[in-house]
Amino acid sequence: MRTTLLLGALAAVTFATAAQAQDAGDPAPFSGIYVGAAGGYDVQPNDTGSTILFDRGSNGSFGDTVIANGGNAFTPGFCNGRARAATPLPAGCANDKDGWSYYGRIGMDSQTGNIVIGALGEFGKTEITDSVSGFSTTPANYVMTRDVKWEASIRGRIGYAPGTTLFYGTFGPGYANIDRSFTSTNTANAFTQSGKRKQFGIVGGGGIEQKLGEHFSVGMEYTYHQYNDDDARVRVAQGSAPATNPFVVGGTTTDFRRSDEKFRWHSLRATAAFRF
């Protein structure tokens, strides 16, 4: 799907280049206000080695070992994906989900000679999901998942335009609503989630844009997205488990958090705009 999208966008840019000879006399083809859309496919970097960290006693100090029967209760291990069963084998874990993204945007550029400087605002959503799973000796699984309900960014843009083709870089702050979920095959303990869902981050990348007639343009854009996700917590309380349960022994609770505190992904998108 990503290859098809790339080839389609490149074909559109090639066609636009050939069709634009009539507009070559415009001294500032990229000046003005525009509205547009961007859509494509998002992929996540490999987060091999991700685990769940534990805070026994819920005192803010993570890195504790949960002890059961004199040993580490999580000796079966962890995986950077969604557990398919209560044990790591034979089913293993499902890979994190990459997915489509779709955004609306509005911006303004000013062109002087071949130099284009501007800014744009963007709002949309990506369909990626990112999970990490732990397995206890019970046996049971514990799965922490995050995805993006929506994302907004305000970015600067600077580029070079030889004629009606613009090559540009873009960078600025992002703001995302990160949705989190937790599941477990452990039905004895009680679990509650906490932590801010809305997080600031950064969005940056670059692209190519080609004018197509007086008002329209098409292009291709790559962006990198990164958000802190360091305060998501799952608290384990006793529930119906006995007082000797490893998570609550001594009358305390245990907190979970992910070891990977940054939510990040790469986006390759086709763009289209109408310039006033």
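Structure shown above.
What you are looking at is a predicted structure, and each value in this text was computed from that prediction instead of being measured.

Rules of the game
Residues numbered from 1 in each chain as written. Predicted model: local features only at pLDDT ≥ 70, side-chain atom pairs only at ≥ 80, totals over all residues. Heavy atoms only, no water. Buried < 20%, exposed > 50% of the residue type's maximum accessible area, 1.4 Å probe, protein only. Helix = DSSP H or I, 4+ residues; strand = E, 2+ residues; numbered from the N terminus. Pairing = 2+ DSSP bridges. Patch = residues over 30% accessible without salt bridge, like charges linked within 9 Å, V, L, I, M, F, W, Y side chains within 5 Å. Areas by Shrake-Rupley, 256 points an atom, 1.4 Å probe, with all protein chains shown as cover. Salt bridge = Lys/Arg side-chain N within 4 Å of Asp/Glu carboxyl O. Core = buried A, V, L, I, M, F, W, Y, C linked by side-chain atoms within 4.5 Å. Axes fitted to C-alpha atoms, helices over the stretch in contact; angles between N-to-C directions. Disulfide = S-S within 2.5 Å.

**Here we look at the pairing of strand 10 (residues 129-136)**
Stage number 1. By the criterion of burial, strand 10 is predominantly enclosed, with seven of the eight residues buried.
Stage number 2. Pairing geometry for strand 5 (residues 77-79) and strand 10, over three bridges, is antiparallel. The residue of strand 10 that forms the bridge with Phe78 is Gly134.
Stage number 3. By the bridge criterion, eight bridges tie strand 10 to strand 11 (residues 140-160) in an arrangement that is antiparallel.

**Focus: a nonpolar patch on the surface**
Stage number 1. There is a patch of nonpolar side chains on the surface, built from Ile33, Val35, Ile106, Met108 and Phe276 and spanning about 490 Å² of accessible area.
Stage number 2. Relative to the elements of secondary structure, Ile33 occurs in strand 1 (residues 32-43).
Stage number 3. Residue Ile33 is classed as partly exposed on the basis of its relative accessible area, which comes to 42%.

**A look at unusual backbone geometry**
Stage number 1. For the peptide bond that leads from Leu89 to Pro90, omega is 10 degrees, which places it in the cis range.
Stage number 2. Across the junction of Thr138 and Pro139, the peptide omega takes the value 5 degrees, indicating a cis bond.
Stage number 3. Mapping Pro139 onto the fold places it in the loop between strand 10 and strand 11.
Stage number 4. With a phi close to 50 degrees, Ser58 is a non-glycine residue in the positive phi region.
Stage number 5. Within the secondary structure, Ser58 sits in the loop between strand 2 (52-56) and strand 3 (67-68).

**Examining the pattern of salt bridges**
Stage number 1. Under the criterion given, the structure shown has 20 salt bridges.
Stage number 2. The salt bridge involving Glu122 is made with Arg155; its shortest N-O contact spans 3.1 Å. Of this pair, Glu122 sits in strand 9 (residues 115-126) while Arg155 sits in strand 11, placing them 33 residues apart in sequence.
Stage number 3. Taking the relative accessible area as the measure of exposure, Glu122 reaches 4% and is therefore buried.

**Section: the nonpolar core**
Stage number 1. Counting 16 residues, the largest nonpolar core has Ile52, Phe74, Tyr142, Met144, Phe247 and Phe256 as its most contacted members.
Stage number 2. At the level of secondary structure, the elements contributing two or more residues to this core comprise strand 2, strand 11 and strand 16 (233-237).
Stage number 3. The biggest single contributor to this core is strand 11, with three residues.
Stage number 4. In this structure, Val148, Ala176, Val203 and Tyr227 belong to the second largest nonpolar core, which totals eight residues.

**Some details on the sheet that holds strand 16**
The strands making up a sheet associate through hydrogen bonds between their backbones, and the pairing can be parallel or antiparallel.
Stage number 1. What the four strands build is an open sheet, ordered 2-17-16-13; its pairing is antiparallel. Every other strand in the sheet has two partners, leaving strand 2 and strand 13 (190-194) as the edge strands with one partner each. Between one strand axis and the next, the sheet turns through 25 degrees on average, direction left out of account.
Stage number 2. As paired strands, strand 2 and strand 17 (residues 254-258) are joined by five bridges and run antiparallel to one another. If you follow Ile52 over to strand 17, its bridge partner there is Arg258.

**As for the state of the cysteines**
Stage number 1. Tallied over the entire structure, the rule returns one disulfide.
Stage number 2. Here Cys79 connects covalently by a disulfide to Cys93, the sulfurs 1.9 Å from one another. Judged by the sign of its S-S torsion, about -80 degrees, the cystine formed by Cys79 and Cys93 is left-handed. Here the residue Cys79 occupies a position in strand 5, and Cys93 occupies one in strand 7 (residues 93-94), the gap between them amounting to 14 residues.

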